[in-house]
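An overview of the molecular structure
Read off the chains here:
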Amino acid sequence: MIKQFMWKKRKILKGLIRTNRSRVDEPYNPGRWFDRFYECGVSDRQTIASDRDATLAKYHYASVELLITRHLVNHGIHVQDTSVFDIGSGAGYWLNFYKNLGAKRCTEIDVSERPTKYLRAKYNDDDSVEIKKGLFQDFLGKT
Ligand SMILES: C[S@@+](CC[C@H](N)C(=O)[O-])C[C@H]1O[C@@H](n2cnc3c(N)ncnc32)[C@H](O)[C@@H]1O
């Protein structure tokens with residue numbers, strides 16, 4: 001319990017230091033930041049907790065899935081045959097989630113090169129999936 005508390009505090013502190021350092025060195029550039037982030041590989045585990053037990057990533061996605069599913073059920077939202085736009089797709093966990101719920105079309109956008117390449121290769125033969133690379137702000141501004 002105490003160990004976990006200390007680990008969390010340490011993680012927050014490291015994040016603050018990293019953020020402040022990058023603020024001094026260069027302005028935040030999401031493309032550059034996430035290209036570096038994905039240098040170790042593209043996977044759900046890498047996105048959430050590459051340096052920790054895989055169970056943590058499972059726990060994270062299970063918890064968020066529960067929240068989204070509860071929202072869908074409580075608001076009578078049906079994903080079946082809809083189009084989904086996933087911002088910051090990463091390794092594509094949510095693409096898979098919405099496809100499994102019956103989404104007819106999934107459009108993904110990510111600013112980073114590696115996850116974009118990864119998902120394009122994975123869904124190369126799937127016409128219902130479109131993978132875009134870029135800032136979602138630019139994409140939304142264009143439509
Ligand atoms: C923490 S990851 C989450 C990935 C995925 N949604 C998940 O939950 O597993 C955030 C993702 O958003 C992308 N991203 C960050 N800022 C973005 C922006 N302005 N436009 C598009 N993608 C962005 C990053 O490259 C990264 O892949």
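Let us look at the structure shown here. (Residues numbered from 1 in each chain as written. Predicted model: local features only at pLDDT ≥ 70, side-chain atom pairs only at ≥ 80, totals over all residues. Heavy atoms only, no water.)

Structural notes on the pattern of salt bridges
Tallied over the entire structure, the rule returns three salt bridges. Measuring nitrogen to oxygen at the nearest pair gives 2.7 Å for the salt bridge that ties Asp126 to Lys99. With Asp126 in the loop between helix H6 (113-122) and strand E3 (129-133) and Lys99 in helix H5 (residues 93-100), this residue pair connects regions lying 27 residues apart in the sequence. The class of Lys99 is partly exposed, set by a relative accessible area of 25%. Ionic pairing is found between Arg105 and Glu130, a salt bridge with its closest N-O pair at 3.4 Å. Of this pair, Arg105 sits in strand E2 (residues 105-110) while Glu130 is found in strand E3, placing the two residues 25 residues apart along the sequence. The exposure class assigned to Arg105 is partly exposed, which follows from its relative accessible area of 31%. Take Glu130: its relative accessible area is 30%, and that puts it in the partly exposed class. (Salt bridge = Lys/Arg side-chain N within 4 Å of Asp/Glu carboxyl O. Helix = DSSP H or I, 4+ residues; strand = E, 2+ residues; numbered from the N terminus. Buried < 20%, exposed > 50% of the residue type's maximum accessible area, 1.4 Å probe, protein only.)

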